[in-house]
Amino acid sequence: MGGGGNGIWRNGCQEVANTKPLFLTVYATILVGILFSSFYVFSAVFSATKSSPLSSTAWISSPPSSLSHVDQSVNASNQAKVAVGSISTTSPPPSSIQRTRIWEVPPRNSKMPPIEKFRLTKQLVGQRVKDNVIIVTFGNYAFMDFILTWVKHLTDLGLSNLLVGAMDTKLLEALYWKGVPVFDMGSHMSTADVGWGSPTFHKMGREKVILIDAILPFGYELLMCDTDMVWLKNPLPYLAHYPDADVLTSSDQVVPTVVDDRLDIWQEVGAAYNIGIFHWRPTKSSIKLAKEWKDMLLADDNIWDQNGFNDIVRKQLGPAVDGDSGLAYAYDGNLKLGILPASIFCSGHTYFVQAMYQQLRLEPYAVHTTFQYAGTDGKRHRLREAMVFYDPPDYYDAPGGFLSFKPSIPKSLLLDGEHNLESHFSLINYQIKQIRSALAIASLLNRTLVMPPLWCRLDRLWFSHPGVLKGTMTRQPFICPLDHVFEVNVMLKQLPEEEFGPGISIREYSFLDNPSLPKQVKESWLDVQLCQEGTQDCFASNKTSSSGVLRFPNHSNEEMFKTIFSSFKEVKVIQFSSVQDAFLGFTDKHFLQFEEYTVVCYSYTNTMVNLWSENRRKI
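Computed from a predicted model, the values in this text were never measured in an experiment.

Within the protein one finds 20 helices and 20 strands. Across the 619 residues of the protein, 51% fall into the buried class. Residue pairs at least 24 apart in sequence account for 73% of intrachain contacts in the protein once pairs closer than 6 positions are excluded. When the accessible surface of the protein is split by element, carbon and sulfur atoms take 54% of a total near 28,800 Å².

Here you go:
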């Protein structure tokens, strides 16, 4: 274009040279006018930019739920009408809010801006966009820690082109004061956990679709994420490898279709497309898809957002766009769809159960806590087990300190014989007995128990299955998430003490290896070695050996535990070499309810046996 422009100016000058003086004067006047106007415009723009005061954080704002405050001022060719609420199509006045670094908190003495400042507009989204891409998640205050974890992973990866939609004012204010770019979704939602499958959960799904429909016409690429996932690697270079894709979506596929980092083979993906991680380009087809999807959900409250997406996209599936990209035509025959590989854009099954990326020697981009149990508590615990969840410092230095133990499992229980219901249950039951003893000791010493890694021989799923799904890369045995065996949400729940006894806090099995564990905890450690009373150097004493190890008699009673370990209250971590036969049992009636408490905690086991027995008959 540069060469063509210079040619035009050269031709114009030549014409001027060949004209009469009167026309020369006219041409000169026009040229001076053009130069003066250009100078005036650039001066005005520069002046406006200079005069805008810098904000202490980025504010992005307003409600996709009602959409009455969403500004959709875009080029007419890109505009998509939204069927809900009245939408302003006029451009907003120039904003004084400027882009700042994430985590840069507002000045201490400043006031919270009015809610109107957090309106969602193209201008405000544009302040956070980089390379025409915006990364978005949303939620309510109950997911505050998930959201902070999500943001922290992205900023650690060097990405700042992100926004968080707040579904309640409490979250919006909390994120603002932490320096996280946030906008108001106008949802007026409860700040409590909504629970999977609840009416409020489905309402959140509709808000996501309305949000996608609102942002796409702005003309930016949108990477939409659920809050219960984390980014482990910068995904933008990967997504950029597929510039022709209108939509790239994750899936619930558990059987690998590729063994490298290519897109999954769309003809072999039989599982649902998962809308927890997906990338949209603002094309005519994707904008059309978002609007139809939104209209479908708003017309029928009984449709789950993910099912609606799958139904629409699969109306037409195929043929392939070309022979190499892995993209396929879908939806209306024009939409170019790609399915992100489940091995590196991981579900809760491919990451936590199969560890597919490890077996294929690949680097995962993301993990989404699907295929899990125990609700939000289970999701949080899984991310903690993987050491990818960010907790406040006091989580790593709990009052009373920590108790851990080295589990002892016979090789025969892990490896011998057929992997079936009986062998699996024998293995699980053996571990549960040790954990029960450890919970009792932790309760006696008022310490937080660091759970051991749990080994399973069979998978846990909510439908009939043969123990391990055919075609998956699940190894036997495998370290299974805690929610495969224990009702984590019950264990973490505040149960009535008069009925269940004192509560017992727990930590994930990887806790003591977490880099976030502070130095004062790592260096305050006592190893306890169980011994047979009556053998050499095995007697009840609070004296440690020269190497700092405490030898402690097994089959000890409640009083002995309390007496000996009262000398070590200041020690942060007490680690037992084993807990088998360590504790005789409670005598204090204050702890008599412990048996009932532990039954509640692992009541799933009996249910599991009955369920698998029934499923086995069906298969």
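It is worth spelling out the sheet that holds strand 1 (residues 133-139) at this point. Strand order in the open sheet made by the nine strands is 3-2-1-4-7-6-10-9-8, with mixed pairing throughout. Strands with a single pairing partner mark the edges of an open sheet, and in this sheet they are strand 3 (182-184) and strand 8 (317-320). Strand after strand, the sheet turns through a mean of 35° between neighbouring axes, direction not considered. Pairing analysis gives four bridges linking strand 4 (residues 221-225) to strand 7 (residues 273-280), with the strands arranged antiparallel. Pairing of Leu 223 across the sheet is with His 279, part of strand 7. Helix 8 (residues 284-299) contacts strand 6 (247-251), strand 7 and strand 10 (335-339) of the sheet and is inclined by roughly 140° relative to strand 7.

In the structure shown here, the tally under the stated rule is 32 aromatic pairs. Look at Phe 278 and Phe 309: their rings are 5.5 Å apart centre to centre, the planes differ by 80°, and that puts the pair in the edge-to-face class. Here the residue Phe 278 occupies a position in strand 7, and Phe 309 occupies one in helix 9 (residues 305-313), the gap between them amounting to 31 residues. Of the two residues, Phe 278 and Phe 309, neither departs from the other in class, the shared state being buried. Taking the centre distance of 5.0 Å and the plane angle of 75° together, the rings of Tyr 351 and Phe 352 count as edge-to-face.

Moving on, we come to the side chain of His 153. Within the secondary structure, His 153 sits in helix 4 (residues 144-156). Judged by relative accessible area, His 153 falls into the buried class, the value being 9%. Within the local environment of His 153, its side chain forms a polar contact with the backbone oxygen of Trp 231, the two atoms lying 3.2 Å apart. Here the side chain of His 153 touches Val 388 through a polar contact of 2.7 Å, landing on its backbone oxygen. When sequence neighbours within four positions are dropped, the list of residues in contact with His 153 reads Val 230, Trp 231, Leu 232, Val 388 and Tyr 390.

Our focus in this paragraph is the packing of helix 8 against helix 9. At a closest axis distance of 10 Å, the pairing of helix 8 and helix 9 adopts a crossing angle of 130°. Classified by the angle their axes make, helix 8 and helix 9 are oblique. The hand of the helix 8/helix 9 crossing is right-handed. Of the residues in helix 9, those in contact with Leu 289, Glu 292, Trp 293, Met 296 and Leu 297 of helix 8 are Asp 305, Gly 308, Phe 309, Ile 312 and Val 313. Among the residues making up the contact of helix 8 with helix 9, the classes are represented as seven nonpolar, one polar and two charged.

Burial runs high along strand 4: five of the five residues are buried. Burial of the side chains of strand 4 extends over both faces: Glu 221, Leu 223 and Cys 225 are buried on one face and Leu 222 and Met 224 on the other. For strand 1 and strand 4, the ladder comprises four bridges, and the chain directions are parallel. Following the sheet pairing, Val 133 is matched in strand 4 by Glu 221.

Inspection of helix 18 (residues 558-565) places Glu 558, Phe 561, Ile 564 and Phe 565 among the buried residues, and these make up the whole buried set. Along the long axis of helix 18, the arc covered by the buried residues comes to 150°, so they all point the same way. N-capping of helix 18 is provided by Asn 557, with a side-chain oxygen placed 3.2 Å from the backbone N of Glu 559.

Position of Gly 534 among the secondary structure elements: in the loop between strand 18 (525-531) and strand 19 (549-553). Taking the C-alpha atoms as reference points, Gly 534 and Pro 553, 19 residues apart in sequence, are found 8.6 Å from one another.

Here the focus is the sheet that holds strand 5 (residues 229-231). An order of 5-12-11 is seen for the three strands of this open sheet, with the pairing classed as mixed. Sheet topology places strand 5 and strand 11 (345-346) at the edges, where each strand pairs with a single neighbour. Pairing between strand 5 and strand 12 (residues 366-368): three bridges, direction antiparallel. Looking at the pairing, Val 230 lines up with Val 367 of strand 12.

So, about the packing of helix 4 against helix 5 (residues 169-177). Where helix 4 meets helix 5, the axes come as close as 11 Å, and the angle between the chain directions of the two elements is 35°. Classified by chirality, the crossing of helix 5 by helix 4 is right-handed. Residue-level inspection shows Met 144, Ile 147 and Leu 148 of helix 4 in contact with helix 5, the latter providing Leu 171, Ala 174 and Leu 175. Here the residues of the contact of helix 4 with helix 5 sort into six nonpolar, no polar and no charged.

With that settled, consider the confidence of the model for the protein. Low pLDDT marks regions whose predicted coordinates should not be analysed in detail. Per-residue confidence for the protein gives a mean pLDDT of 81, with 76% of residues at or over 70. Contacts of residues 1-98 to residues separated by more than four positions or lying in other chains number 152 contacts, the stretch itself having pLDDT below 50.

Taken as a whole, this structure holds 20 salt bridges when the rule is applied. Residue Lys 152 pairs with Asp 156 through a salt bridge whose shortest N-O separation is 2.9 Å. On the criterion of helical spacing, the pair formed by Lys 152 and Asp 156 is a turn pair, its members being four residues apart in helix 4. Given the relative accessible area of 47%, Asp 156 is considered partly exposed.

This part covers the nonpolar core. Residues Ile 441, Phe 486, Phe 561, Phe 565, Ile 574 and Phe 576 are the most contacted members of the largest nonpolar core, which totals 43 residues. When residues no more than four places from it in sequence are discounted, the contact partners of Phe 576 are Leu 403, Ser 404, Phe 405, Lys 406, Ile 441, Val 528, Leu 530, Phe 552, Phe 561 and Phe 565. Counting residues in hydrophobic clusters, the runner-up holds 42 residues, among them Leu 236, Tyr 238, Phe 345 and Ala 366.

Within strand 10, four of the five residues are buried, which leaves it mostly tucked inside the rest of the structure. Judged from the three bridges that link them, strand 6 and strand 10 form a sheet pairing that is parallel. Bridging across to strand 10, Leu 248 finds its partner in Gly 338. The sheet contact formed by strand 9 (residues 328-330) and strand 10 spans three bridges and is antiparallel. Looking at strand 10, one finds that Ala 328 is bridged to Leu 337.

Rules and cut-offs
- Residues take numbers from 1 onward in each chain, read along the sequence in its written order.
- Under the rules for a predicted model, residues below a pLDDT of 70 receive no local features and side-chain atom pairs below 80 are neither given nor counted, while totals for whole chains, interfaces and linings still include all residues.
- Side-chain figures throughout are based on the complete set of non-hydrogen atoms in the structure, without hydrogens or water.
- A run of H or I in DSSP counts as a helix once it spans at least four residues, and a run of E counts as a strand once it spans at least two, with each numbered from the N terminus.
- Accessibility here uses a 1.4 Å probe with only protein chains present; expressed as a share of the type maximum, an area under 20% marks a residue as buried, one over 50% as exposed, and anything in between as partly exposed.
- What makes two residues a contact is simply this: any of their non-hydrogen atoms within 4.5 Å.
- Residue exposure ignores everything except the shown protein chains as possible cover, and the areas themselves are Shrake-Rupley values with a 1.4 Å probe.
- For two strands to pair, DSSP has to find at least two bridges joining them.
- Structural elements are reduced to axes, namely lines fitted to C-alpha atoms, with helices fitted over the stretch in contact, and the angle between N-to-C directions of any two is expressed from 0 to 180 degrees.
- Aromatic rings from Phe, Tyr and Trp, taking only the six-membered ring of Trp, are treated as a pair when their centres fall within 6.5 Å; an angle between ring planes under 30 degrees marks them as stacked, one over 60 as edge-to-face, and anything in between as tilted.
- Pairs of N or O atoms are called polar contacts if they sit within 3.5 Å, as long as, within protein, a hydrogen donor faces a hydrogen acceptor (for residues adjacent in sequence, only side-chain-to-side-chain pairs).
- Convention used here: angles under 35 degrees read as roughly parallel, angles over 145 as roughly antiparallel, angles from 65 to 115 as roughly perpendicular, and any remaining angle as oblique.
- Note on convention: the crossing is left-handed when the near helix lies turned anticlockwise from the far helix by less than a right angle, right-handed when the turn is clockwise.
- Residues are sorted three ways: Asp, Glu, Lys and Arg are charged, Ala, Val, Leu, Ile, Met, Phe, Trp, Tyr, Cys and Pro are nonpolar, and all the rest, Gly among them, are polar.
- Throughout, the arc means the angular range of directions from the helix axis out to the C-beta atoms.
- As a per-residue measure, pLDDT tells how confident the predictor is, with possible values from 0 to 100.
- One speaks of a salt bridge when a side-chain nitrogen belonging to Lys or Arg is within 4 Å of a carboxyl oxygen belonging to Asp or Glu.
- Buried Ala, Val, Leu, Ile, Met, Phe, Trp, Tyr and Cys residues that are joined via side-chain atoms within 4.5 Å together make up what is termed a nonpolar core.

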